Amino acid sequence: MKVEFPTDLEIARRAKLIPMPDIAAKMGIGPHLLEPYGHDVAKLKLEAIQELADRPKAKYVVISAITPTPLGEGKTTTTVGLGDALGKIGKRATVAIRQPSMGPTFGIKGGAAGGGYSQVMPMERLNLHLTGDFHAVTAAHNLLAAMIDNYIHHSLRDFPIDLHSITWRRVLDVSDRVLRSVVVGLGAPEDGVTRQTGFDITAASEVMAVLALSTSLQDMRKRLGRMVIGLARDGEPITADFLHAGGAMTVIMRDAIKPNLLQTLENTPVLVHAGPFGNIANGASSVLADLIGIHCGEYLVTEAGFGADMGAERFFNIKCRTSGLAPDAAVIVATVRALKVHSGKYRVVAGKPLPPDLLKENPDDVLAGAANLRKQVENIQIHGVTPVVAINAFPGDHPSEHRAIRELAEHLGVRSAVCNNFAEGGDGAVELAREVAAAAEEPSTFQLLYPDAATLREKIEAIALRIYGARRVEYDPPAARQLDAYEASGFGRLPVCIAKTHLSISSDPKMKGAPTGWVLPVREVRASVGAGFIYPICGEMRTMPGLPTTPNATIIDIDENGDIVGLS
């Protein structure tokens, strides 16, 4: 008889949560540093950073992955499972993750609280409004947008800004394709100046990236103020502080800057803070959460978005550059499914069933996609960090396919472990915990990929050639002019965050494995001066997702008892 595995929501409903002061006590944090948001969520006051500063630092572990399929390979589930498993082997661990966006929650991917028996609780609150941080980002971002259009309306005759240079759009935490390109100011003259603009999803806001990279309230104030929204007619950058918007934006963000404290199903402390977009921004949880968590136990386990070519590279060269923290080990999540896709034989489409042949036992297909794992291991090692391969097991996998991945890892000279924590909780990741603990004890030789003093072109080319495996970089004429302008404006010392597809190490989502000999095309370059990085755009980037044919929203509802149903 077939046994049905419970849904994530059903598992979450059975959770036995403990009071937040008890969770904080596990981290050595007193109740005076907590701001309760109900009985199962709290915010941490930033005073915790100074109060904990004299304590020993935890081992710092980042979770990354091979290049994923559109379905994702379970980085958050592995992050949570590793945090719980470290507790199983007698280690005090804290987990740090991003907050999920409600766009994907109601769209195609579902929530991002982990899965199965490796989840963050309370699952419903985490996947929905939590403490309102996303709404604060949305409000602060859109206040600046309103002040831009207000300035245009009242100062059109002597308006110093080149209207065509304005890059600041509006944001919402929904997936809504019809808002990608809109016209504002239609109607009477008092309704404003007509111009074309658009909407991005809130996770793509530079305000979100600022939240993730700020080191204090005053640092956030400076970053918000120096965000560039366009250019003057003489080519000089126009900032939020030029419009006197930075102060009000900071006031809106005053509570959002405090990290959120939650717990796993097994009562491991979890810091949840910020949710920057992984394609065009840093794609990792906040520096502030890590500055607290690094002094709260023996291990701090955090996550970086997408594959090691994107999430880990940005984690190392943007987040660690800002925080000053150095990772002790990295986990690369690999799945049988994704490695088979990297063989080039299969195509996975979100919302459609997996190809039947993909589910058949075939270790040769797994090994045919090995080039991607090999390159992602190298991308971690380039930064002087010891990698561990976590084989995230799915029910349809075969032991021979797991053995193939382990043999590959052994050939590469790195540790590996099969993880069954989705079905078994922390117990299913104990082997991974032991391997990570061993890796973290090795001497750390962490190094950044490029120095601050390198030119923007040198930074782009270091990533393209060393991390992506490109042969060279080609700059469209507008991109070349933008790079020259940013260097002339004094932005050349900023790190770079290359905006490209997450479905390939290359800039072409159709190229699987670890392609070489290709050329990275840089068609445009933008500046997130407030967040503190320059982002070259390579390919088409959708910053406002659309809903699928049948969105998750169609099955999410409230039952007769007032409980949520359908959330995943």
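Residues numbered from 1 in each chain as written. Predicted model: local features only at pLDDT ≥ 70, side-chain atom pairs only at ≥ 80, totals over all residues. Heavy atoms only, no water.

Caption draft 1: Structural context of the overall build of the chain. The number of helices and strands found in the chain is 20 helices and 24 strands. By residue count, 58% of the 568 residues in the chain fall in the buried class. Within the chain, counting contacts between residues at least 6 apart in sequence, those at least 24 apart form 76% of the total. If you sum the accessible surface of the chain, you get close to 22,300 Å²; carbon and sulfur atoms cover 53% of it. Counting 58 positive and 63 negative side-chain charges, the chain places the centres of these two groups 3 Å from one another. (Helix = DSSP H or I, 4+ residues; strand = E, 2+ residues; numbered from the N terminus. Buried < 20%, exposed > 50% of the residue type's maximum accessible area, 1.4 Å probe, protein only. Contact = heavy atoms within 4.5 Å. Areas by Shrake-Rupley, 256 points an atom, 1.4 Å probe, with all protein chains shown as cover. Lys, Arg positive; Asp, Glu negative; His and termini not counted. Charge placed at Lys NZ, Arg CZ, Asp CG, Glu CD.)

Caption draft 2: Focus on the pattern of salt bridges. The final tally for this structure, using the stated rule, is 27 salt bridges. Close ionic contact of Arg415 with Glu435 constitutes a salt bridge, the shortest N to O distance being 3.7 Å. Placement of the pair is Arg415 in strand E18 (residues 415–419) and Glu435 in helix H18 (residues 430–440), with a sequence separation of 20 residues. Note that Glu524 is salt-bridged to Arg523, the shortest N-O span being 3.7 Å. The class of Arg523 is partly exposed, set by a relative accessible area of 31%. One network of salt bridges, in which partners are shared, links Glu35, Asp255 and Lys258. (Salt bridge = Lys/Arg side-chain N within 4 Å of Asp/Glu carboxyl O.)

Caption draft 3: Representation of the packing of aromatic side chains within the structure. This structure, assessed with the given rule, holds eight aromatic pairs. For the pair Tyr60 and Phe315, a centre-to-centre distance of 5.5 Å together with 50 degrees between the ring planes defines the contact as tilted. Separated by 255 residues along the polypeptide, Tyr60 in strand E3 (residues 59–65) and Phe315 in helix H12 (residues 308–323) bring together distant segments of the chain. Neither Tyr60 nor Phe315 differs from the other in exposure class; each is buried. Judged by centre distance (5.7 Å) and plane angle (55 degrees), the rings of Phe316 and Phe446 are tilted. Residue Phe316 is found in helix H12, and its partner Phe446 is found in the loop between H18 and helix H19 (456–468); the two are separated by 130 residues along the sequence. Taken together, the ring pairs connect Tyr60, Phe315, Phe316 and Phe446 into an aromatic cluster. Above the plane of the ring of Tyr475 lies Arg457, whose end atom (NZ or CZ) is 5.5 Å from the centre. For the cation-ring pair, Lys500 lies above Tyr468, with the distance from its terminal atom to the ring centre recorded as 4.9 Å. (Phe/Tyr/Trp six-rings, centres within 6.5 Å; stacked < 30°, edge-to-face > 60°. Lys NZ or Arg CZ within 6 Å of the ring centre and 35° of its normal.)

Caption draft 4: View of unusual backbone geometry. The peptide bond linking Met121 to Pro122 adopts the cis configuration, its omega dihedral lying at -5 degrees. You can see Pro122 is positioned in the loop between strand E6 (118–121) and helix H6 (123–127). Even without being glycine, Asn267 reaches a positive phi, approximately 70 degrees. Structurally, Asn267 is set in the loop between strand E13 (260–264) and strand E14 (269–272). Residue Phe306 is not a glycine yet carries a positive backbone phi of 60 degrees.

Caption draft 5: Geometry of the packing of helix H4 (residues 75–88) against H18. Contact pair H4 / H18: the axes reach a minimum separation of 8 Å and the direction vectors enclose 80 degrees. One way to sum up the angle between H4 and H18 is to call them roughly perpendicular. Of H18, the residues touching H4 (which contributes Thr78, Leu82, Ala85, Leu86 and Lys88) are Val430, Leu432, Ala433 and Val436. Looking at side-chain class alone, the contact of H4 with H18 contains seven nonpolar, one polar and one charged residues. (Axes fitted to C-alpha atoms, helices over the stretch in contact; angles between N-to-C directions. Parallel < 35°, antiparallel > 145°, perpendicular 65-115°, else oblique. Nonpolar A, V, L, I, M, F, W, Y, C, P; charged D, E, K, R; others polar.)

Caption draft 6: How the structure looks around the pairing of strand E22 (residues 533–537). The element E22 is largely enclosed, with a buried count of five among its five residues. Both faces of E22 are covered, namely the face carrying Phe533, Tyr535 and Ile537 and the face carrying Ile534 and Pro536. In the sheet, strand E21 (residues 524–528) pairs with E22 via five bridges, with the strands oriented antiparallel. Counterpart to Ser528 in the pairing with E22 is Phe533. Taking the residues between adjacent antiparallel strands as the criterion, E21 and E22 are bridged by four residues, where Gly532 takes a positive phi near 105 degrees. (Pairing = 2+ DSSP bridges.)

Caption draft 7: Seen up close, the side chain of Ser165. Topologically, Ser165 is positioned in the loop between helix H7 (133–154) and strand E7 (170–172). Classification of Ser165 by relative accessible area gives buried; the value is 13%. Setting aside anything within four residues of it in sequence, one finds Ser165 in contact with Ile229, Gly230 and Leu231.

Caption draft 8: Inspection of helix H16 (residues 399–412) at higher detail. For H16, built from 14 residues, the straight-helix expectation of 20 Å at 1.5 Å per residue is met to within 8% by its first-to-last C-alpha distance of 20 Å. Among all positions of H16, only Ser400, Glu401, His402, Ala404, Ile405, Leu408 and Ala409 are buried. In this structure, the buried residues of H16 make contact with helix H13 (336–341), helix H14 (363–368), helix H15 (370–381), strand E17 (387–392) and E18. Phi for Gly413, located one or two positions after H16, is positive at around 80 degrees. (Expected span 1.5 Å × (residues − 1).)

Caption draft 9: Highlighting H12. Between its terminal C-alpha atoms H12 stretches only 19 Å, short of the 22 Å expected from 16 residues at 1.5 Å a residue. Within H12, 14 of the 16 residues are buried, which leaves the element mostly enclosed by the surrounding structure. Directly beyond the C-terminal end of H12, a positive phi value near 80 degrees is found at Gly324.

Caption draft 10: Quick peek at the environment of Ala209. Within the element layout of this structure, Ala209 appears in helix H8 (residues 206–213). Note on Ala209: relative accessible area 2%, which makes it buried. Here the alpha-carbon distance between Ala209 and Ala330, two residues 121 residues apart in the chain, equals 23 Å. In this structure, Ala209 is in contact with Pro276, Ala281, Asn282, Ala531 and Phe533, ignoring residues within four places of it in sequence.

Caption draft 11: Inspection of the packing of H7 against H8 at higher detail. Contact geometry of H7 with H8 gives a least axis separation of 9 Å together with a crossing angle of 125 degrees. Here H8 runs oblique to H7, going by the angle between their axes. With respect to the hand of their crossing, H7 and H8 are arranged in right-handed fashion. Contacts from Phe134, Val137, Ala140 and His141 of H7 reach H8 at Val207, Met208 and Leu211. Here the contact of H7 with H8 is composed, by residue class, of six nonpolar, one polar and no charged. (Left-handed = near helix turned anticlockwise from the far one by under 90°.)

Caption draft 12: Region of the structure containing the environment of Ser504. In this fold, Ser504 is placed in the loop between helix H20 (477–488) and strand E20 (519–522). Judged by relative accessible area, Ser504 falls into the buried class, the value being 0%. With residues near it in sequence (within four places) discarded, Ser504 still touches Thr67, Asp309, Pro509, Met511 and Pro515. Of note is the side chain of Ser504, whose polar atom sits 3.2 Å from the backbone oxygen of Asp508. In terms of polar contacts, Ser504 uses its side chain to reach the backbone carbonyl oxygen of Met511, at 2.5 Å. (Polar contact = N/O pair within 3.5 Å; in protein donor to acceptor, adjacent residues only side chain to side chain.)

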